[in-house]
2 protein chains.
Amino acid sequence: MDVKVDSLKTWRRTHYTDEIKGEMDGEEVTVMGWINSIRKLGKLVFVILRDREGMIQIVIPKQKVSEEVFKIGKSLGREDVVAVKGKVVANEKAPGGCEIVPMEIKVLSKAHSPLPLDPSEKVPADLDTRLDNRFLDLRRPKITALFKVKSEMLKSVRNTFYDEGFIEVNTPKLVASATEGGTELFPLSYFEKEAFLSQSPQLYKQMLMAAGFDRVFEIGPIFRAEEHNTRRHLNEAVSIDCEMSFADDRDAMEILEKVVHNTLLHLKDHCKKELEILDVDLKIQDTPFPRLTYDEVVDIVNTKGVDMEWGEDLSRAGEKALGEYMEGFYFIINWPRDIRPFYTLPKEEDPKLCKAFDLMYRDLEIASGAQRNHIYDLLVDSIKRMGLNPESFESYLQAFKYGMPPHAGWGLGAERFMMVLGRQKNIRECILFPRDRHRLTP
Amino acid sequence: MDVKVDSLKTWRRTHYTDEIKGEMDGEEVTVMGWINSIRKLGKLVFVILRDREGMIQIVIPKQKVSEEVFKIGKSLGREDVVAVKGKVVANEKAPGGCEIVPMEIKVLSKAHSPLPLDPSEKVPADLDTRLDNRFLDLRRPKITALFKVKSEMLKSVRNTFYDEGFIEVNTPKLVASATEGGTELFPLSYFEKEAFLSQSPQLYKQMLMAAGFDRVFEIGPIFRAEEHNTRRHLNEAVSIDCEMSFADDRDAMEILEKVVHNTLLHLKDHCKKELEILDVDLKIQDTPFPRLTYDEVVDIVNTKGVDMEWGEDLSRAGEKALGEYMEGFYFIINWPRDIRPFYTLPKEEDPKLCKAFDLMYRDLEIASGAQRNHIYDLLVDSIKRMGLNPESFESYLQAFKYGMPPHAGWGLGAERFMMVLGRQKNIRECILFPRDRHRLTP
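Residues numbered from 1 in each chain as written. Chains lettered and ligands numbered in written order. Predicted model: local features only at pLDDT ≥ 70, side-chain atom pairs only at ≥ 80, totals over all residues. Heavy atoms only, no water.

**Student:** Describe in detail the overall build of chain A, supporting the description with residues and values.
**Tutor:** Assigned secondary structure in chain A consists of 12 helices and 16 strands. Taking the principal axes of the C-alpha coordinates as reference, chain A spans close to 85 × 55 × 40 Å. Burial status across chain A gives 63% buried among its 442 residues. As displayed, chain A offers around 17600 Å² of accessible surface, 47% of which is attributable to carbon and sulfur atoms. Distance between charge centres in chain A, computed from 64 positive and 73 negative side chains, equals 8 Å. (Helix = DSSP H or I, 4+ residues; strand = E, 2+ residues; numbered from the N terminus. Buried < 20%, exposed > 50% of the residue type's maximum accessible area, 1.4 Å probe, protein only. Areas by Shrake-Rupley, 256 points an atom, 1.4 Å probe, with all protein chains shown as cover. Lys, Arg positive; Asp, Glu negative; His and termini not counted. Charge placed at Lys NZ, Arg CZ, Asp CG, Glu CD.)

**Student:** Kindly report on the domain arrangement of chain A, identifying the contributing residues and their values.
**Tutor:** Residues and elements named next belong to chain A. Split into domains, chain A comes out as domain 1 (17-109) and domain 2 (136-290 + 326-430). Placing a centre on the C-alpha atoms of domain 1 and another on those of domain 2 gives a separation of 47 Å. Between domain 1 and domain 2, the contact holds seven residues from the first and six residues from the second. Carbon and sulfur atoms make up 46% of the surface buried where domain 1 meets domain 2, a total of about 480 Å² over both sides. Counting the surface domain 1 buries against domain 2, the share from its top three residues, Arg50, Arg52 and Glu53, is 60%. The interface formed by domain 1 and domain 2 includes four salt bridges. Where Lys273 meets Glu53, a salt bridge forms, and the shortest distance between an N and an O atom there is 2.9 Å. (Domains from an automatic or database assignment. Contact = heavy atoms within 4.5 Å. Buried area = accessible area lost by both parts, 1.4 Å probe. Salt bridge = Lys/Arg side-chain N within 4 Å of Asp/Glu carboxyl O.)

**Student:** Tell me about the sheet that holds strand E2 (residues 44-51) of chain A, and please be specific about residues and values.
**Tutor:** All names here are of chain A. In space, the five strands of this closed barrel follow the order E1-E2-E3-E5-E4, with mixed pairing throughout. Across the sheet, the axes of successive neighbouring strands diverge by a mean angle of 50°, strand direction being ignored. Across 10 bridges, the pairing between strand E4 (residues 81-90) and strand E5 (residues 98-109) is antiparallel. Looking at the pairing, Gly86 lines up with Pro102 of E5. (Pairing = 2+ DSSP bridges. Axes fitted to C-alpha atoms, helices over the stretch in contact; angles between N-to-C directions.)

**Student:** Describe the environment of Asn159(B), with residues and values.
**Tutor:** With respect to the helices and strands, the residue Asn159(B) is situated in helix H4 (residues 141-163). Between the alpha carbons of Asn159(B) and Thr263(B) there is a distance of 9.3 Å; along the sequence they are 104 residues apart.

**Student:** I'd love a proper account of the side chain of Arg435(A), names of residues and values included.
**Tutor:** In this fold, Arg435(A) is placed in the segment after helix H12 (414-421). In this structure Arg435(A) is buried but unpaired, with Glu236(A) as the nearest side chain of opposite charge at 4.7 Å. From its side chain, Arg435(A) meets the backbone oxygen of Leu440(A) in a polar contact 3.2 Å long. Here the side chain of Arg435(A) touches Tyr204(B) through a polar contact of 2.9 Å, side chain to side chain. Here Arg435(A) is in contact with Leu234(A), Asn235(A), Glu236(A), Leu440(A), Thr441(A), Pro442(A), Pro172(B), Leu174(B), Val175(B), Tyr190(B) and Tyr204(B), once residues within four sequence places are set aside. (Polar contact = N/O pair within 3.5 Å; in protein donor to acceptor, adjacent residues only side chain to side chain.)

So this is what it looks like as structure tokens:
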């Protein structure tokens, strides 16, 4: 690194690469980005410059640029960061129909070589190498595109919540007790006390219903100390949560359908370029989504040759069998009470069942929700029934004693949703810096 | 609790209380909420019903309602949750110019009595009692209003980021190493490894600049194991973070000014009712905000009788002295390099100083940022200079070797910003469920 790099000083980007068009022939522009590839001929240097929005060709002909500019052009290497001030030249042969002939070039950062990973996508790499060098991996247009879609997905989800009168809340991630029992929690010491990382905002969302917040949503991290390492699990993920008062399970499902449907529409509209890069043709599925009862699910799964007894949770094999049978998004409703969390409301007309639902996409569960149990005595019973101690839920239970409205809600896994939207097979692809059983860096 | 409560069944709210006006005289409506207060006369019951948006009077005259409805009316107690189907009656004497005469009432939840805290604001309570019973405390209109403003603040902040081309990102909260050294971190065990809770997304935001994401923002939790318990510190808070490439400290300050200014405008427009409840008259401060140099700060503080030597950080006494001198929002710039984090870029023309800035509101620091050090060799030097070991920053430093653009960014404390916007003196007022040295519940 004996090369001294230039300072930005007063230079600023005038255009992203995708904003430069043949019609701008003769216009002066400043672009900034990375050297995606470079071809050096005797008296001519071709550079493909990459920024977040695309790529553009920079042509450096010895006879048309200053000696200094040509010298810099010759010295450039792959993944160097440069700023180029130059003139747009319409050229039908150039990718995108135009190129830039530089008047000045600043080298803002030199890249070591060899690169531990090739961002130009010519050399494939396995997932672990990619994740170890995530900052390089993320330079690949397909990977960048996925996270631009994720940002737009979150924006769209929030817009639906705003439209439906939800207030955004932030609940604590450091908690004194477990949401659903003591397993799968990361413990830590909080000064003199023991604390845990929150595995769900569930209990806090519900307390906010007691607080009269009526409709709340939160998009934030959740932490699960699950030992199993699958393509569908992360130990730290982003959860999209909501809770609504004076509402039942069907109301909550309707909001969830709106969130999903509006997101599909929004992405189709606002992420055309990114979906094209990802080679994803999003289908807009109309609402309401199909509802399968748990009983129907048991039948289907058994018909497909996978054993499932009434009262069992869906196994992975069961999900796969179901995924062969069902297309697109669908709900599973009327679950047996005993395989759902204590805070789920049993059905009045058949207390073996409860008002829980899952949203599935083919064989993947992406969201889970229910009308909640808002009746103090019934809730204490349910906690005991699950073998848990009501005393460890004291500050939560307190909220049910002084006027708790009926309420319902759900949690949607942001990364699982992205697996569906981006057609990704491994959930690690859908999070910038995954945390799993073995990975804690970068 | 021998009272059996009603089910919601097909009933749904038709209006929030603040949507019901005198002009709707004779219209049938359904409202749902809590009994804020109740007055029982012989043949007449007056109820004030409260929901998230306001209050309305329900009048239950024995002669005008069914026997059943009157009986229910008589049985109601404070903070019971009810649904009322009734007719709007214009009445100039009623608060808000109208009231509801019920045709049917459902009691959805009965409240135990006495209440551990009075949500009707008649009886004051100390902060600890309030936080212990936060779900009741949050029912008070002033407290609800503050969190509605917080939700709108976050919405406005995101809108500015979207308008300015920022992508929303989610970085891990479980990290392998410390951002700025090993102090003030909560350690935990992550399977076989040691992990920490992230005290800032700093290093990840920067890696995303190496990834070419160009402009990113994140709004998420940060964790600091600070022992001191002040009115301005939390151990878990929400941080509004951004980072931008091909930009310097002045660009970052401009974005921060826009975020603050747009939020002021947005709240003034969209939170009229809430600001009135909070008795806050928001002043729209024009940009650019004043810039004080560190040198000027030292002078001012000393002039005000507080000792401060060049090279020292601002003490609390110094901040207070400064707050007496300065009104509104202002920046402090040109900080000595040695009291800022290693990732701050020194000034080329005077390497004793650096390109850091703080955004202050009177005596309160609400944001902190800088142009970052993007030059590998210089960064390694700075890490060593601070007495830290470059090896513990390996995966971070890696990102500076293969093309790192110049970049800048900042972090704005969401709760500190709310202290300013909501005129709150204790930061615990600005977070739903505060975490401090002593508090981990609810």
